[in-house]
Amino acid sequence: MATKKEKAPSMIETFQEFKETKNIDRTTLVSVLEESFRNVIAKMFGSDENYDVIVNPDKGDFEIHRNRIVVADGEVVDQNKEISLSEAQKIEPDYEIGEEVSEEVDFQKFGRRAILNLRQTLASKILELEHDSLYNKYKDKVGQIVSAEVYQMWKREVLLIDDEGNELHLPKAEQIPADNYHKGETVRAIVKEVQNENNNPRIILSRTSPLFLERMLEAEVPEIQDGLITIRRIARMPGERAKVAVESYDDRIDPVGACVGVKGSRVHGIVREMCNENIDVINYSSNMQLFIQRALSPAKVTSITLNPEEHKAEVYLQPEEVSLAIGKGGLNIKLASMLTEYTIDVFRVVNENEADEDIYLDEFADEIDQWIIDSIKAIGLDTAKQVLNAPREMLIEKADLEEETVDHVLEVLNAEFE
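A brief look at the structure comes next. For every chain, the first residue of the written sequence is number 1, and numbering continues from 1 along that sequence. Confidence filtering applies because this is a predicted model: local features only for residues at pLDDT of at least 70, side-chain atom pairs given and counted only at 80 or more, and all residues used for totals across whole chains, interfaces and linings. Based on all heavy atoms of the structure, the side-chain values leave hydrogens and waters out of the count.

## Quick notes on the packing of aromatic side chains
How two aromatic rings sit relative to each other is given by the distance of their centres and the angle of their planes. Between 30 and 60 degrees the pair is tilted, below 30 it is stacked and above 60 it is edge-to-face, where a pair is any two Phe, Tyr or Trp rings, Trp via its six-membered ring, whose centres lie within 6.5 Å. Here the structure, examined in full by the defined rule, presents 3 aromatic pairs. The interplanar angle of 65 degrees and the centroid separation of 5.0 Å between the aromatic rings of Y284 and F291 together place this pair among those described as edge-to-face. Across from the ring centre of Y138, 5.3 Å away, lies the NZ or CZ of K141, which sits over that ring. In this scheme, the term charge over a ring applies when either NZ of a lysine or CZ of an arginine sits within 6 Å of the ring centre and within 35 degrees of the ring normal. In this arrangement the basic side chain of R232 is found over the ring face of Y284, its NZ or CZ atom lying 4.3 Å from the centre.

Listed below in structure tokens is the structure:
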């Protein structure tokens, strides 16, 4: 049978392997080893108080000593904590009643079950340490960009592996719609959150967060890194378009020009990373009318009426500017609303002569169902000219009408004025 001294080094080597693969320092592992021994001893004898566990990582061995009190022969109650005088004197002839006897214990004599228990306890504690290490590492990286390798692709998420072998998760909802992943490729994303249910860390990444674009801009624009330019707000429709409001506290610096770069050189790389997401950079202003006007670029605004209490804005434009303000699929006005945090309603400018010739919607009840008229009036449009001057998309979304219904209404109203 192998002796303790022969068996111990292989066990220590096992812990050394854990250190190398799990990135846990040796001091911590020694502490875990001692605690694991004590847990096994406590399970076997009900207490580990009278045991000394000594781990020597330099020599690659360990020692366990049991301390027992000498009692008179025939008076031993707890063999784990007491030893009879005659048995003690076999160890050292001069032991007396009341003295403490310390003797080295061969752990393997505790039996196979104890050794398996030790290994299971140690493995459990190592896993717990690994989880703690992973959680502590990534909780401080929330909001930062990380790079990881694609390991596996599923319908609902992509599994990535960092350079230490840790698993990172990129859910479908956090992926840019045009993203196309291949196993082994490197992907950049921000750490969105670190979940830690039942001490089982789950690292969630995101490529759709506005913060991802912000961090990319910080990396590409030295003036942002130096604090000369501040990113005040970002609105994104991932993979399609984004608006970024920037501000400079130095009049000599053009914040928009600095962020875009010569011929767009500074945003080109970001646009490619974002799957050709168009990035509009505008000057921030605390003057909300001016800020909304800039946010609706490239459209030129004629006038704006604000309702600050309800965070609503009525924007009036020349007819040829309305489609620019709304953008394809309503994208421009949606981003402008997200950026300014105002609900923006767009209206065509109507001259006085046209206004005088207006007709109330109720007069069209013979051609348009009354419930449709009521739906349109509910959003503040009472006359034919008001409806004709409102964007088609607004009638569809705000009045909650089908496209065919809106087109029929517009056809009827237009016919009246032709």
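Having seen it, we continue.
## Considering the side chain of K243
Strands here mean DSSP runs of E at least two residues long; helices mean DSSP runs of H or I at least four residues long; both are numbered from the N terminus. Note on placement: K243 falls in strand β11 (residues 241–248). The exposure class of K243 is buried, given its relative accessible area of 1%. Any pair of nitrogen or oxygen atoms within 3.5 Å is treated as a polar contact; in protein, a donor-acceptor pairing is required on top of that, and neighbouring residues in sequence qualify only through side-chain atoms on both sides. Side-chain polar atoms of K243 contact the backbone oxygen of S297, separated by 3.2 Å. Any pair of residues with heavy atoms lying within 4.5 Å of one another is described as a contacting pair. Excluding anything up to four places from it in sequence, K243 contacts R233, I234, A235, D280, A295, S297, N332, L335, A336 and L339. For every residue, the accessible area (1.4 Å probe, protein chains only) is compared with the maximum for its type, and the residue is labelled buried under 20%, exposed over 50%, or partly exposed between those bounds.

## Considerations on the sheet that holds β11
Any two strands between which DSSP finds at least two bridges are classified as paired. The strand order across the open sheet built from 3 strands is β10-β11-β12, with neighbouring strands paired in mixed fashion. What marks the edges here is a single partner per strand, and that holds for β10 (229–237) and β12 (278–283). Taken pair by pair, the neighbouring strands of this sheet meet at an average axis angle of 20 degrees, ignoring direction. Inspection of the sheet shows β11 paired to β12 by 6 bridges, in the parallel sense. Bridge pairing in β12 links A242 to I279. Every axis corresponds to a line fitted to the C-alpha atoms, with the helix fit spanning only the stretch in contact, and the corresponding angles, defined between N-to-C directions, vary from 0 to 180 degrees. On the sheet, helix α9 (residues 288–295) packs against β10, β11 and β12 and is oriented at approximately 155 degrees with respect to β12.

## Some thoughts on unusual backbone geometry
In this chain, S297 is followed by P298 through a cis amide linkage whose omega measures 15 degrees. Structurally, P298 can be placed in the loop between α9 and β13 (303–307). Residue N199 is not a glycine yet carries a positive backbone phi of 55 degrees. Topologically, N199 is positioned in the loop between β8 (186–195) and β9 (202–206).

## Focus: the pairing of β10
Bridging between β10 and β11 involves 8 bridges; their strand directions are antiparallel. Bridging across to β11, R233 finds its partner in A245.

## A few points about helix α5 (residues 210–220)
Every buried residue of α5 is listed here: F212, L213, M216 and L217. The buried residues of α5 occupy an angular sector of 135 degrees when projected down its axis, which confines them to one face. Its side-chain oxygen placed 3.0 Å from the backbone nitrogen of L211, S209 serves as the N-cap of α5. This arc is taken over the directions from the axis of the helix to the C-beta atoms.

## A word on the sheet that holds strand β15 (residues 343–348)
The strand order across the open sheet formed by 3 strands is β13-β14-β15, and the pairing between neighbours is mixed. Each of the sheet's edge strands pairs with one partner strand only, and the pair in question is β13 and β15. Strand-to-strand twist of the sheet, defined as the mean angle between neighbouring strand axes without regard to direction, takes the value 20 degrees. One ladder, built from 5 bridges, connects β13 with strand β14 (residues 312–317); its direction is antiparallel. Bridge pairing in β14 links N307 to K312. The sheet contacts of α9 involve β13, β14 and β15, and relative to β13 the element is tilted by about 125 degrees.

Scope: geometric values only; no functional claims are made or implied.
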